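Breakdown of the fold
Each chain, letter by letter, is given below.
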Amino acid sequence: MGAIGDVINSLIIHQAIKEKHPDVEIHYLTLDYIAPLLENDPHISKLWTIEDAKKKNLRYILNVGLELRKERYDAVISVTNSIRNKLLNLCTGSKKIAKRGKAGHKEHSVKAFYNSTKVLFDDLEIPERVKLTVSEGIKDKVYDRIKNFQRPFIILNPGGAHD
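Residues numbered from 1 in each chain as written. Predicted model: local features only at pLDDT ≥ 70, side-chain atom pairs only at ≥ 80, totals over all residues. Heavy atoms only, no water.

**A word on the pairing of strand β4 (residues 96–99)**
Stated formally: Between any two strands, at least two bridges found by DSSP are needed for them to pair. In this description a helix means any DSSP run of H or I spanning at least four residues, a strand means any run of E spanning at least two, and both kinds are numbered starting from the N terminus. Think of it like this: strands point away, you trace from the first strand over the helix to the second, and a clockwise trace means the crossover is right-handed.
Of the strand pairs in this sheet, strand β3 (residues 75–78) and β4 are connected by 4 bridges, and their pairing is parallel. Residue pairing for β4: Ala-75 is matched across the bridge by Lys-96. In this fold, the crossover linking β3 to β4 by way of helix α4 (residues 83–92) has right-handed handedness.

Dropping the structure here:
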């Protein structure tokens, strides 16, 4: 469970898994304000959310963790090493937890997330195309915001804190 950049960079994980293992059921946990980016993703069977306003509330996180435990997950892929994620990993009760190692901060997040997953799925291949499947409503909102631009525009994203 991370910020928007972590979610976008982790798209490769569940898409690579579903390409090789289409019968695997994938649940995804993210913050509530990020969930709309994933709610139409055909690779995700169940989308879990944590309320952003409560993400630092230990009791709330433990309750979410106990709900996750009821799912009896075979494995957990944890792409960030926050204390919150470590606690949620423990709460799931899963014996198999793939997580981003310390060396992962020396490589791009997409590669680090993908490599951490290979601990559980050694036969994965990088998808030819990684897709973000958003709703028509989100597409309409974006179009409404850019439709009146008179000139071409550019979106700059030179990198994050660990690049």
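**So, the nonpolar core**
Test applied: Definition of nonpolar core: a set of buried residues of the types Ala, Val, Leu, Ile, Met, Phe, Trp, Tyr and Cys, connected through side-chain atoms within 4.5 Å. Burial classes: relative accessible area under 20% of the type maximum marks a residue as buried, over 50% as exposed, and values in between as partly exposed (1.4 Å probe, protein chains only). Contact between two residues is taken to exist if any of their heavy atoms lie within 4.5 Å; hydrogens are not considered.
Counting residues in each nonpolar core, the largest one holds 19 residues, and the members touching the most others are Leu-29, Leu-38, Ile-50, Val-64, Leu-68 and Leu-88. Going through the elements one at a time, β1 (27–31), β2 (46–50) and α3 (58–69) are the ones with two or more residues in this core. At 4 residues, α3 tops the list of elements feeding residues into this core. Excluding residues within four positions of it along the chain, Val-64 makes contact with Ile-50 and Leu-88.

**Some words on the pattern of salt bridges**
Heads up, the condition is: Counted as salt bridges are all cases of a side-chain nitrogen of Lys or Arg within 4 Å of a carboxyl oxygen of Asp or Glu.
Taken as a whole, this structure holds 7 salt bridges when the rule is applied. Among the salt bridges present, the one from Lys-46 reaches Glu-71, with a minimum N-O distance of 2.9 Å. Here the residue Lys-46 occupies a position in strand β2, and Glu-71 occupies one in the loop between α3 and β3, the gap between them amounting to 25 residues. A salt bridge links Asp-144 to Lys-147; its shortest N-O distance comes to 3.5 Å. Taking the relative accessible area as the measure of exposure, Asp-144 reaches 44% and is therefore partly exposed.

**Quick word on the confidence of the model for the protein chain**
Quick reminder of the rule: pLDDT expresses, on a scale from 0 to 100, how confident the predictor is about each individual residue.
Overall, the prediction assigns the protein chain a mean pLDDT of 86, with 91% of residues at 70 or greater. Within the protein chain, the lowest mean pLDDT, 82, falls on helix α5 (residues 109–117), and the highest, 96, falls on α3.

**Examining the side chain of Ser-116**
Here is the rule: Pairs of N or O atoms within 3.5 Å make up the polar contacts considered here, provided that, within protein, one atom can donate a hydrogen while the other can accept it, and that residues adjacent in sequence are counted only when both atoms are side-chain atoms.
Along the polypeptide, Ser-116 turns up in helix α5. From its side chain, Ser-116 meets the backbone oxygen of Phe-113 in a polar contact 2.7 Å long. Setting aside residues up to four positions removed in sequence, Ser-116 forms contacts with Ala-98, Lys-99 and Arg-100.

**Looking at the packing of α3 against α4**
Heads up, the rule is: Axis definition: a line fit to C-alpha positions, over the contact stretch in the case of helices; interaxial angles, taken between N-to-C directions, run 0 to 180 degrees. With the far helix as reference, a near helix turned anticlockwise by less than a right angle produces a left-handed crossing, and one turned clockwise produces a right-handed crossing. Throughout this entry, Asp, Glu, Lys and Arg are counted as charged residues, while Ala, Val, Leu, Ile, Met, Phe, Trp, Tyr, Cys and Pro are counted as nonpolar. The remaining residues, Gly among them, count as polar.
Taken N-terminus to C-terminus, the directions of α3 and α4 make an angle of 35°; their axes are 8 Å apart at the nearest point. Remark: the crossing between α3 and α4 carries right-handed chirality. Mapping the contact onto sequence places Leu-58, Ile-61, Leu-62, Val-64, Gly-65, Leu-66, Leu-68 and Arg-69 in α3 and Arg-84, Leu-87, Leu-88, Leu-90, Cys-91 and Thr-92 in α4. Looking at the contact of α3 with α4, its residues break down into 10 nonpolar, 2 polar and 2 charged.

**Comments concerning a nonpolar patch on the surface**
To be explicit about the condition: Excluding any residue in a salt bridge, patches collect residues exceeding 30% relative accessible area, merging like charges within 9 Å and nonpolar Val, Leu, Ile, Met, Phe, Trp and Tyr side chains within 5 Å. Only the protein chains shown count as cover for residues, and all accessible areas are computed by the Shrake-Rupley method using a 1.4 Å probe.
A grouping of Val-142, Tyr-143, Ile-146, Phe-149, Phe-153 and Ile-155 is seen on the molecular surface, where their side chains present a nonpolar patch of about 630 Å² in accessible area. Note that Ile-155 resides in the segment after α6 (136–146).

**Structural notes on the environment of Ala-35**
Examined against the element boundaries, Ala-35 turns out to sit in the loop between β1 and β2. Put simply, Ala-35 and Val-7 are 28 residues apart on the chain and 9.5 Å apart in space, counted from C-alpha to C-alpha. With sequence-adjacent residues up to four places away left out, Ala-35 is seen in contact with Thr-30, Leu-47 and Thr-49.

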